[in-house]
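# Report on the structure
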Amino acid sequence: MQSSPRILPPPNPDHRRQVFWQVWLPLVVFVIVFLVLAGLAVSLTSRGEEIAEQWAALSVVIVIVPTCLGGIFTFMFLAIGIFLSDKAIRGLPGLTYKIQLFFRRFSAITRYYADRFVSPIIKINGKWAGLTSLFKPKRTTGKNN
């Protein structure tokens, strides 16, 4: 089976203009600003300017503070998880015992009704097997054939 070539709708004439203004222009502006700031940082640090030292200290703080906050939040989530796991583990034996009792009761009820449902069929089949065995020839086994 060959698939027929897909028929594409005609392109929207405004699409190219929208892509330029909404995608390419912001991307190019961001890259240019980033490169200018990177060049400025390199030129300031290579000349030993005092303002570069101040910005370096500030940038280190800007990098370290979110990392520390992330670590604190991670530790808090870990501690809460350990606490909740402990509570859950202490409550599990009682809960699992209740679930086990429920399924034992359900199993007993199901077995009772299943036995009641099939007992007439088993009786009829048993009587039929007994009746047909009376009319079957007896098989002989052993050496006396």
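Refer to the preceding data block for the structure.
This text gives an overview of the structure that appears in the document. (Residues numbered from 1 in each chain as written. Predicted model: local features only at pLDDT ≥ 70, side-chain atom pairs only at ≥ 80, totals over all residues. Heavy atoms only, no water.)

## Observations concerning the overall build of the protein chain
Inclusion rule: Starting at the N terminus, helices and strands are each numbered in turn, a helix being any DSSP run of H or I of at least four residues and a strand any DSSP run of E of at least two. Taken over C-alpha atoms, the radius of gyration is set against a globule rule of 2.2 Å times the number of residues to the power 0.38. In this scheme, a residue with accessible area under 20% of its type's maximum is buried, one over 50% is exposed, and one in between is partly exposed, where area comes from a 1.4 Å probe on protein chains only. Residue-level accessible areas treat just the shown protein chains as cover; the underlying method is Shrake-Rupley with a 1.4 Å probe. In this tally, Asp and Glu contribute negative charge and Lys and Arg positive charge; neither His nor the terminal groups of the chain are included. Just so you know, the charge point we use is NZ for Lys, CZ for Arg, CG for Asp and CD for Glu.
Helix and strand content of the protein chain: two helices and zero strands. In terms of overall dimensions, the protein chain is more spread out than a globule: its C-alpha atoms have a radius of gyration of 41 Å, far above the 15 Å expected for 145 residues. Every one of the 145 residues in the protein chain was classed for burial, and the buried ones make up 1%. Per element, the accessible surface of the protein chain, about 14,400 Å² overall, is 71% carbon and sulfur. A gap of 45 Å separates the mean positions of the 17 positive and 6 negative side-chain charges of the protein chain.

## Some details on the packing of aromatic side chains
Put simply, the rule is: Pairing of aromatic side chains requires ring centres within 6.5 Å, counting the rings of Phe and Tyr and the six-membered ring of Trp. Pairs whose planes differ by under 30 degrees are stacked, by over 60 edge-to-face, and all others tilted.
According to the stated counting rule, one finds five aromatic pairs in the structure shown. With 5.3 Å between their ring centres and 80 degrees between their planes, Phe20 and Trp21 make a pair best called edge-to-face. Of the residues examined, Phe20 reaches a relative accessible area of 41% and is grouped as partly exposed. Residues Phe102 and Phe103 carry aromatic rings whose centres are separated by 5.2 Å and whose planes lie at 75 degrees to one another, so their mutual orientation is edge-to-face. You can call Phe102 partly exposed: its relative accessible area is 48%. One aromatic cluster is present, formed by Phe102, Phe103 and Phe106 through successive ring pairs.

## Digging into the layout of surface pockets
For clarity, the threshold we go by: Residues are called lining when one of their atoms sits within 4 Å of a cavity or pocket point, these points coming from a 1 Å grid over the protein atoms alone, where a cavity is a set in which a 1.4 Å probe fits but cannot get out and a pocket is an open set with protein on both sides within 12 Å along at least five of seven lines. Grid points are joined across faces, edges and corners, and a volume is the space filled by probe spheres set on the points.
The volume enclosed by the largest pocket comes to roughly 210 Å³. Around the largest pocket, the lining residues are Leu37, Leu40, Ala41, Leu44, Thr45, Ala52 and Trp55. At the level of secondary structure, the elements contributing two or more residues to the lining of the largest pocket comprise helix H1 (13–47) and helix H2 (50–135). Considering each element in turn, the lining of the largest pocket owes the most residues, five residues, to H1.

## Some words on H1
How we decide: The length a helix should cover is 1.5 Å for every residue beyond the first. The angle separating two fitted axes, one through the seven residues that finish at a residue and one through the seven that start at it, defines the bend at that residue.
End to end, H1 covers 51 Å across 35 residues, agreeing with the expected 51 Å (1.5 Å per residue, within 8%). At Phe20, H1 shows its maximal bend, which comes to roughly 35 degrees. Remark: Gly48 follows H1 within two positions and exhibits a positive phi of approximately 75 degrees.

## Quick word on the pattern of salt bridges
Where we set the bar: Whenever Lys or Arg places a side-chain nitrogen within 4 Å of a carboxyl oxygen from Asp or Glu, that contact is recorded as a salt bridge.
In this structure the tally under the stated criterion is one salt bridge. One salt bridge connects Arg90 with Asp86, and the closest N-O pair in it is separated by 3.1 Å. Pair noted here: Arg90 and Asp86 are both in helix H2, with a separation of four residues, about one helical turn. The partly exposed category is assigned to Asp86, whose relative accessible area is 34%.

## Observations regarding the environment of Val60
Within the secondary structure, Val60 is located in helix H2. The spacing of Val60 and Ile99 is 39 residues in sequence and 56 Å in space, taken between C-alpha atoms.

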